[in-house]
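Each chain, letter by letter, is given below.
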Amino acid sequence: MDPQSLITLAQVLLGAILQLVAVNLYLVFRFREIDPFAKWNPNTINPLMFLAFFVFGMIMVFVLQNVYKEYMTITYNAASIHGEKIDSMFWITMYVSIFVVVVTNSLLFWYPWKYRTRPGHKAIHYSHNNRIEIIWTVIPAIVLTLLVARGVVVWHDIMSEPPQDAVQLEVNGKQFAWTVRYPGADLEFGTTSVQYIDDGTGNDIGFNFEDRRGHDDLITQEIHLPVGKPVLLNIKSRDVLHSATLPHFRVKMDAVPGMPTSFWFTPTKTTAEMRKIRGDEDFDYEMSCQQICGAAHWKMRRVVVVETEEEFNKWLRSQKPFYATWKEVTGSSTGGVAETDAAPKAEEGVIAAN
C-alpha cells in the first residue's frame, strides 16, 4: 500500500475512534442521569457557530492564499502581450467577486445571530420590497454586462489574424505525447496525412515525403520561441481531444481530431528573465495537456524555451531535418504514395521569418 493510502486510512480510523469516544462519554453521562447539554441553548449556540465558521473560514482563505501563492501561475504577470489583458480581466472580475462574496456572506452569517430567538422578540412577515428587488437586479446586470463587453473586445483582439511575419510551429497531440514541428528554410510545412503514419519509423504525424516542402521540416524535443516576435501555434490531434496549454503565456486551445485549431501570441519575457523574476534557476516554461485524455495524460508535457531571436535562429540551425533522420532509419528515399506539388529544395538557413 502506498504512503498516501496509509495516511488516508489512518485519518479515517482516527475519526472513527474519536466518534466512538464521544458516544461512550455521552452514554456514561446519560447512565448517571447527567445531561451535559441540558443548559445549552441552541438558539444561541447555533448562531455563534455560524459566526465562528465564518471567521475561521475567512482566516483560512488568507492563510492558504499566502501559503500557496508561489505555486499559482496567476500570481506572476503573464509572459505575453495578450496575457496582460487577460490578467487585467481576471483581476477585475476577481475583485468584484471578492467584494460581492464578502458582503453577502458577512450578512448571511451575521443574520442568524442578529435574528436569533430571544425573549421579547417577535418575528414579522416581510413579503417583498420592490425598490430592493430593482436595486439588486439592475446593479448586478450592469456590472456583468460591462465585464462581458470587456471580454468580447479582448477576445476579438486575441483571436484576430496573426501578423504575416509570425514564427510558425505545429504541435500534434496523441496519447500520450506532443510532436513539435517547425517549417524548414522554405518557411512552408510539408503535407501530412494519417495514411502515412508509421510509429515504427518515427513518422507519427504522417509526413508525405513525396512533397519536397517537408524535406527540411524539423521535429524537435523542445519548443523554442523568440522573445518579442509573434508566434503562430498550429494545433492538431491524431486520436482524442487534447488541450495545448501554455499557462505562463495565458494560451489554451483544444487539439481536436480532424479539426486543426490555432492560436497566436507574442512572448515578452525570456526564460532567463522569468527565472530571475521568480528567483528560481530551475524554472522552465512548459506546454501541457489540460484535457483528461487517458491514463497517462500527465506525461503530455514539453519544455518551452523563450530566448532572443539570435539564440532562436542559432538553435534552429543546429536542428536536423526529420526527413534526413527518417532516411537513416529506413534507408528509403521517399515515404509517400501520392505525388503532390513539390517545391524546390530549400537551402539550409534561418527558419524564422524576418
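Residues numbered from 1 in each chain as written. Predicted model: local features only at pLDDT ≥ 70, side-chain atom pairs only at ≥ 80, totals over all residues. Heavy atoms only, no water.

**Q** Looking at this structure, how should I read the sheet that holds strand S3 (residues 218-220)?
**A** Strand-to-strand pairing in sheets goes through backbone hydrogen bonds, with the strands running parallel or antiparallel. The 5 strands lie next to each other as S3-S2-S1-S5-S8, forming an open sheet whose pairing is mixed. This sheet does not close on itself; its edge strands, each paired only once, are S3 and strand S8 (261-265). Looking at each pair of strands side by side, their axes are set apart by 25 degrees on average, direction ignored. The pairing of strand S1 (residues 167-174) with strand S2 (residues 177-182) spans 5 bridges and is antiparallel. Residue pairing in the sheet places asparagine 172 in a bridge with threonine 179 of S2. (Pairing = 2+ DSSP bridges. Helix = DSSP H or I, 4+ residues; strand = E, 2+ residues; numbered from the N terminus. Axes fitted to C-alpha atoms, helices over the stretch in contact; angles between N-to-C directions.)

**Q** Explain the pairing of S1 here, please?
**A** For a regular strand, side chains alternate in direction, first toward one face of the sheet and then toward the other. Of all 8 residues in S1, 7 are buried, a share of seventy percent or more. Relative to strand S5 (residues 231-237), S1 runs parallel, the two being bridged by 7 bridges. Opposite glutamate 170, over in S5, you have asparagine 234 as the bridge partner. Linking two consecutive strands that pair antiparallel, namely S1 and S2, is a turn of 2 residues. (Buried < 20%, exposed > 50% of the residue type's maximum accessible area, 1.4 Å probe, protein only.)

**Q** Please explain a nonpolar patch on the surface as it appears in this structure.
**A** A cluster of nonpolar side chains, namely Val55, Ile59, Val63, Leu64, Val67, Tyr68 and Tyr71, defines an oily patch on the protein surface of about 680 Å² accessible area. Within the element layout of this structure, tyrosine 68 appears in helix H2 (residues 42-68). We classify tyrosine 68 as partly exposed; its relative accessible area is 47%. (Patch = residues over 30% accessible without salt bridge, like charges linked within 9 Å, V, L, I, M, F, W, Y side chains within 5 Å. Areas by Shrake-Rupley, 256 points an atom, 1.4 Å probe, with all protein chains shown as cover. Salt bridge = Lys/Arg side-chain N within 4 Å of Asp/Glu carboxyl O.)

**Q** How should the layout of surface pockets be read in this particular structure?
**A** With a probe scaled to a water molecule rolled over the atoms, the places where space remains empty come into view. The volume enclosed by the largest pocket comes to roughly 510 Å³. Along its surface, the largest pocket is lined by 20 residues, and Val61, Phe62, Gln65, Met94 and Ile98 are the ones closest to its centre. Looking at the lining of the largest pocket, the elements that each hand over two or more residues are H2 and helix H3 (81-114). Counting residues per element, the lining of the largest pocket draws most heavily on H3, at 10 residues. (1 Å grid on protein atoms, 1.4 Å probe; cavity = no way out; pocket = protein on both sides within 12 Å on 5 of 7 lines; lining within 4 Å. Points joined across faces, edges and corners; volume = space filled by probe spheres on them.)

**Q** Teacher, can you tell me more about the environment of leucine 169 here?
**A** Turning to its location among the elements, leucine 169 is positioned in strand S1. Among the residues examined, leucine 169 registers a relative accessible area of 0% and is labelled buried. Between the alpha carbons of leucine 169 and phenylalanine 189 there is a distance of 9.0 Å; along the sequence they are 20 residues apart. Not counting chain neighbours up to four residues away, the residues in contact with leucine 169 comprise Val180, Arg181, Tyr182, Phe189, Ile223, Leu225, Val231, Leu232, Leu233 and Asn234. (Contact = heavy atoms within 4.5 Å.)

**Q** How should the environment of arginine 238 be read in this particular structure?
**A** With respect to the secondary-structure elements, arginine 238 resides in the loop between S5 and strand S6 (242-246). Aside from chain neighbours lying at most four places away, what touches arginine 238 is Gly173, Lys174, Ile197, Asp199 and Asp204. At a separation of 2.9 Å, a polar atom in the side chain of arginine 238 contacts the side chain of aspartate 199. (Polar contact = N/O pair within 3.5 Å; in protein donor to acceptor, adjacent residues only side chain to side chain.)

**Q** Where do I start with the packing of H3 against helix H4 (residues 130-158) in this structure?
**A** Pairs of packed helices are described in terms of their axes, by the angle between the two and the distance that separates them. Taken N-terminus to C-terminus, the directions of H3 and H4 make an angle of 170 degrees; their axes are 10 Å apart at the nearest point. Classified by the angle between their axes, H3 and H4 sit roughly antiparallel to one another. Across the interface between the two elements, His82, Lys85, Ile86, Ser88, Met89, Ile92, Thr93 and Val96 of H3 pack against Val143, Leu147, Arg150, Gly151, Val154, Asp157 and Ile158 of H4. The residue makeup of the contact of H3 with H4, split by class, is 8 nonpolar, 4 polar and 3 charged. (Parallel < 35°, antiparallel > 145°, perpendicular 65-115°, else oblique. Nonpolar A, V, L, I, M, F, W, Y, C, P; charged D, E, K, R; others polar.)

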